[in-house]
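Spelled out from the first residue to the last, the chains are:
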Amino acid sequence: MTDATQLSFRALADPTRRDILGLLAQGDMTIAEVAENFQITRAAVKKHLTILHEGDLITTRTSGRARVNAINASGMKRVVDWLRYFDAFWDDRLATLKSEIEKDTQ
């Protein structure tokens, strides 16, 4: 696993950050807009957004005085690709098991 992928999974490890990603999936938001959805301080939300940014799961751009956060599709793809490898692994293993079971029942 690459360092970038490890940072992405670190970011995903926290339920609040996963909830923030869910919000950002609905549309881009400022720190204040994200903070309105949580019972934590704006500083805590900013820290969560920083970790999501370090994990390359979101991008941040400046719009006037506001910093707008958005889902980073390429960062999310890295996580999906890593998980897809294990999906294929289990598909192969289960197909082999099915084949062996079918041999025994014939």
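Residues numbered from 1 in each chain as written. Predicted model: local features only at pLDDT ≥ 70, side-chain atom pairs only at ≥ 80, totals over all residues. Heavy atoms only, no water.

**Remarks on the sheet that holds strand S1 (residues 29-30)**
So, point 1. Strand order in the open sheet formed by 3 strands is S1-S3-S2, and the pairing between neighbours is antiparallel. Single-partner strands in this sheet number two, and they are S1 and strand S2 (58-63).
So, point 2. With 6 bridges joining them, S2 and strand S3 (residues 66-71) adopt antiparallel strand pairing. Residue pairing in the sheet places Arg61 in a bridge with Val68 of S3.
So, point 3. Contacts from helix H2 (residues 15-26) reach S1, S2 and S3 within the one sheet, and its direction differs from that of S3 by about 95°.
So, point 4. Strand contacts of helix H4 (residues 42-54): S2 and S3, with the helix running at about 120° to S2, the strand carrying the most contacts. (Pairing = 2+ DSSP bridges. Helix = DSSP H or I, 4+ residues; strand = E, 2+ residues; numbered from the N terminus. Contact = heavy atoms within 4.5 Å. Axes fitted to C-alpha atoms, helices over the stretch in contact; angles between N-to-C directions.)

**Quick look at the pairing of S3**
So, point 1. Bridging between S1 and S3 involves 2 bridges; their strand directions are antiparallel. Note that in S3 the partner of Met29 across the bridge is Asn69.
So, point 2. Counting the residues that bridge the hairpin from S2 to S3 gives 2 residues, and of these Gly64 lies at a positive phi of roughly 70°.

**Some remarks on helix H1 (residues 3-12)**
So, point 1. Buried residues of H1: Thr5, Ser8, Ala11 and Leu12, and no others. In a view along the axis of H1, the buried residues occupy a sector of 120°, so they form one face of it. (Buried < 20%, exposed > 50% of the residue type's maximum accessible area, 1.4 Å probe, protein only. Arc of directions from axis to C-beta.)

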